[in-house]
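The residues making up each chain are set out below.
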Amino acid sequence: MNVTLAVKQYISKMIENSGPGMKVLLMDKETTSIVSVVYTQSEILQKEVYLFERIDSQNRDAMKHLKAICFHHCLLENVENLIQELRRPKYSVYFIYFSNVISKSEVKTLAEADEQEVVAEVQEFYGDFIAVNPHLFSLNLTGVARGRSWEPTLLPRCTQGLTSVLLALKKCPMVRYQLSSQMAKRLGESVKQIITKEYELFDFRKTEVPPLLLILDRSDDALTPLLNQWTYQAMVHELLGLNNNRIDLSRVPGISKDLREVVLSAENDEFYANNLYLNFGEIGTNIKNLMEDFQKKKPKAQQKLESISDMKAFVDNYPQFKKMSGTVSKHVTVVGELSRLVSDRQLMEVSEVEQELASQNDHSSANQNVRRLLQNPKVSELDAVRLVMLYALRYEKHSSSNLPGLMEDLNRKGVSERHRKMVQSMVEYGGKRVRGSDLVTPTDAVAITKQFFKGLKGVENVYTQHQPLLQETLDQLIKGRLKDSQFPYLGPSTLRDRPQDIIVFIIGGATYEEALTVYNLNRTTPGVRIVLGGTTIHNTKSFLEEVTSAASSGHSGERSHVVGRHPSRR
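No experiment lies behind these values; they were computed from the predicted model shown. (Residues numbered from 1 in each chain as written. Predicted model: local features only at pLDDT ≥ 70, side-chain atom pairs only at ≥ 80, totals over all residues. Heavy atoms only, no water.)

### Some details on the overall build of the protein chain
- In terms of helices and strands, the protein chain carries 19 helices and 16 strands.
- Each of the 570 residues in the protein chain was classed as buried or not, and the buried ones make up 55%.
- When contacts within the protein chain are restricted to residue pairs at least 6 apart in sequence, long-range pairs at least 24 apart make up 82% of them.
- When the accessible surface of the protein chain is split by element, carbon and sulfur atoms take 49% of a total near 26,000 Å². (Helix = DSSP H or I, 4+ residues; strand = E, 2+ residues; numbered from the N terminus. Buried < 20%, exposed > 50% of the residue type's maximum accessible area, 1.4 Å probe, protein only. Contact = heavy atoms within 4.5 Å. Areas by Shrake-Rupley, 256 points an atom, 1.4 Å probe, with all protein chains shown as cover.)

### Some thoughts on empty space enclosed by the protein
- Applying the stated criterion across every chain, the model contains four cavities of 30 Å³ or more.
- Reported here for the largest cavity is a volume of approximately 110 Å³.
- Taken together, Gln178, Leu216, Asp217, Arg218, Asp220, Asp221, Leu469, Leu470, Thr473, Phe487, Ile506 and Glu514 make up the full set of residues lining the largest cavity.
- By residue number, the principal contributor to the lining of the largest cavity is helix H17 (residues 469-478), which donates three residues.
- Residues of the lining of the largest cavity, tallied by class, amount to five nonpolar, two polar and five charged.
- Of the voids in this model, the second largest cavity is the one considered here, and its volume is about 90 Å³. (1 Å grid on protein atoms, 1.4 Å probe; cavity = no way out; pocket = protein on both sides within 12 Å on 5 of 7 lines; lining within 4 Å. Points joined across faces, edges and corners; volume = space filled by probe spheres on them. Nonpolar A, V, L, I, M, F, W, Y, C, P; charged D, E, K, R; others polar.)

### Re the confidence of the model for the protein chain
- Mean pLDDT over the protein chain stands at 83; residues scoring 70 or higher make up 87%.
- Per-element confidence in the protein chain is highest for strand S15 (residues 529-534), whose mean pLDDT is 96, and lowest for strand S16 (residues 568-569), whose mean pLDDT is 48.
- In this model, residues 441-460 is a region of pLDDT below 50 whose contacts with residues beyond four sequence positions or in other chains number 40 contacts.
- Note on residues 555-569: pLDDT is under 50 here. Beyond four places in sequence and across chains, it has 52 contacts. (pLDDT = per-residue confidence, 0-100.)

### A closer look at helix H18 (residues 512-524)
- Across its 13 residues, H18 extends 18 Å between first and last C-alpha, which sits within 8% of the 18 Å expected from 1.5 Å per residue.
- If you follow the buried residues of H18, they end up packed against strand S6 (130-133), strand S7 (136-138), helix H8 (232-239), H17, strand S14 (501-507) and S15. (Expected span 1.5 Å × (residues − 1).)

### Some remarks on the packing of H17 against H18
- It is the contact of H17 with H18, at a shortest axis distance of 10 Å, that shows an interaxial angle of 30°. With respect to H18, the axis of H17 lies roughly parallel. For the element pair H17 and H18, the recorded crossing hand is right-handed. Contacts between H17 and H18 involve Leu470, Gln471, Leu474 and Ile478 on the former and, on the latter, Glu514, Thr517, Val518 and Leu521. (Axes fitted to C-alpha atoms, helices over the stretch in contact; angles between N-to-C directions. Parallel < 35°, antiparallel > 145°, perpendicular 65-115°, else oblique. Left-handed = near helix turned anticlockwise from the far one by under 90°.)

### Some thoughts on the side chain of Thr231
- For Thr231, the position within the fold is in the loop between strand S11 (212-217) and H8.
- Thr231 gets classed as buried once you look at its relative accessible area, which sits at 11%.
- Excluding residues within four positions of it along the chain, Thr231 makes contact with Leu276, Tyr277, Leu278, Asn279 and Leu516.

### What to know about the packing of helix H12 (residues 347-359) against helix H13 (residues 363-374)
- H13 packs onto H12 with a crossing angle of 155° between their chain directions and a minimal axis gap of 10 Å. With respect to H13, the axis of H12 lies roughly antiparallel. Both H12 and H13 take part in a crossing whose hand is left-handed. Touching Glu349, Val350, Val353, Glu356 and Leu357 of H12 are Ser365, Ala366, Asn369, Val370, Arg372 and Leu373, all from H13.

### Concerning the sheet that holds S14
- Spatially, the six strands line up as an open sheet ordered S6-S7-S15-S14-S11-S10, and their pairing is mixed. On the outer flanks of this sheet lie S6 and strand S10 (174-177), each paired with one strand and no other. Each strand axis lies, on average, 25° off the axis of its neighbour in the sheet, ignoring direction.
- As paired elements, S6 and S7 share three bridges and run antiparallel to each other. Residue pairing in the sheet places Asn133 in a bridge with Leu136 of S7. (Pairing = 2+ DSSP bridges.)

### What to know about the pattern of salt bridges
- Under the defined criterion, the tally for this structure stands at 27 salt bridges.
- Residue Glu48 pairs with Lys23 through a salt bridge whose shortest N-O separation is 3.4 Å. Of the two residues, Glu48 sits in the loop between helix H3 (41-45) and strand S2 (49-54) while Lys23 sits in strand S1 (residues 23-27), which places them 25 residues apart along the sequence.
- Under the relative-accessibility criterion, Glu48 is labelled partly exposed at 30%. (Salt bridge = Lys/Arg side-chain N within 4 Å of Asp/Glu carboxyl O.)

### Some words on a positive patch on the surface
- On the surface, a cluster of positive charge is contributed by Arg148, Lys397, Lys432 and Arg433.
- Positionally, Arg148 belongs in the loop between strand S8 (145-146) and strand S9 (149-150). (Patch = residues over 30% accessible without salt bridge, like charges linked within 9 Å, V, L, I, M, F, W, Y side chains within 5 Å. Lys, Arg positive; Asp, Glu negative; His and termini not counted. Charge placed at Lys NZ, Arg CZ, Asp CG, Glu CD.)

### Remarks on the nonpolar core
- Membership of the largest hydrophobic core comes to 122 residues, with the highest contact counts inside it found for Phe137 and Leu187.
- Here this core gets eight residues from one element, more than from any other, and that element is helix H6 (residues 154-168).
- Beyond its immediate sequence surroundings of up to four residues, Leu187 is in contact with Trp150, Leu155, Cys158, Thr159, Leu162, Ile215, Phe505 and Ile507.
- Counting residues in each nonpolar core, the second largest holds 36 residues, with Leu226, Leu393, Leu410 and Val415 among its members. (Core = buried A, V, L, I, M, F, W, Y, C linked by side-chain atoms within 4.5 Å.)

### Quick notes on the packing of aromatic side chains
- Counting across every chain of the model gives eleven aromatic pairs.
- Relative to Tyr94, the ring of Tyr91 has its centre 5.9 Å away and its plane inclined at 55°; by these criteria the two rings are tilted.
- Measuring from ring centre to ring centre gives 6.3 Å for Phe202 and Phe204, while their planes differ by 70°; the resulting arrangement is edge-to-face. Taken as a pair, Phe202 and Phe204 share a single burial class, namely buried. (Phe/Tyr/Trp six-rings, centres within 6.5 Å; stacked < 30°, edge-to-face > 60°.)

If you want it as structure tokens, here you go:
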């Protein structure tokens, strides 16, 4: 089960189907993101695709020598744009692919618009999601909740995305959902409805143990997205923001023009792929090694190019050197900026207290440590609010809870009213009253050995005590001990054997810390394959926006919606 490979294969197949000759790839806003995350432009150029265009771009030139490969999300707006395109075609022939199920009526409308008979084929290729890592996908949807119910327009979109993942992975799963979440049940029913309606599509070869789709709700674990992170990918997203593998570094002091936006993709960057899940200390060591390796391979300034073979060797090695040079400067810049932020915001000290709040059970110590940090002028507004939120989620019902005192400390610190109000929103979103599970398994404090940075060495234990709730949920699921009373099945059937292929989906967004949990479980549990997905991938900032959006939009009625039928399928 590899979501990256699934999307790559779809795109390769599209290009292959169009045959030899020069091509243009015509996409929309959503599919541009889907493609760019798994392929670089230079990789697609090698497949004779020389032009990349948006279907909604008004000033495209007619180029009748090009074949058009159209890859679109099933939106009315995209269908309308295609109709206009086919009435006045700019390219010689059109191969049209939709990223999900398209209705017969829409196919008929396209056929009627194709008066010049330029359409060679219309197909459905189910790549309606962002493949972030091989075992992690996102639907890039935020603000999915109104109070504890679905934002009406986003339930069908989420259903489409999730069924697309199932079709891409060729899985027809049994469905389990978190009982404490009405949203999880609604999504499960909506997905099941599509599976029943489109039974021909889901008619895959039966496996001995059926696959399982487990639908969870972010509100059951609001702690995980609030914590600072110390592994490379998670840390980059937390401190700099990863958006479809891109990082905006334009605000970094003294940044050079060509590094204002950089791409971090494990598919095309060996250093990143090897360091994705390593902690910050190890990355420091590896950056040092990368630099030393680069220095050795760097062409000497005085290098003599006396013979043709000297010149040939230099030219042959230059692209490799240039690529390595780009990799080195990119990662040195990113790690340098992470180090600056860790130091400026005193994140090691902040993170130690966060971990204590999330993993231990000493109220008195937690209260003192949070108060101490709130009085530290170097602790940022975001970090101060995050600490009080963690305290509130952890000790809201404690007999000696000092939440009013901490709120007053925030006020004294000059924290904005908007941020202070978020503390109450967070308790309403993910407090004890809402949760279906016990968030904190108290850890024996004696068993936790503190280990601080020594030079560039590890950041273990004290900064990584916390395990996401997902770890325990999946552990119970794999052992066949996940309670039906908390995570019921949809429909009469239940799984007799331990599951092997598991797709977990978190409404309200997953995190890179949970992706690391899944990566480790895949590595250490033979015979079990897990893919994690979420409506989005959160860092603290995006999670606070999600919670605020759910709180401000409140409760509202919602309509169910089902998508339509198809042309040819893959």
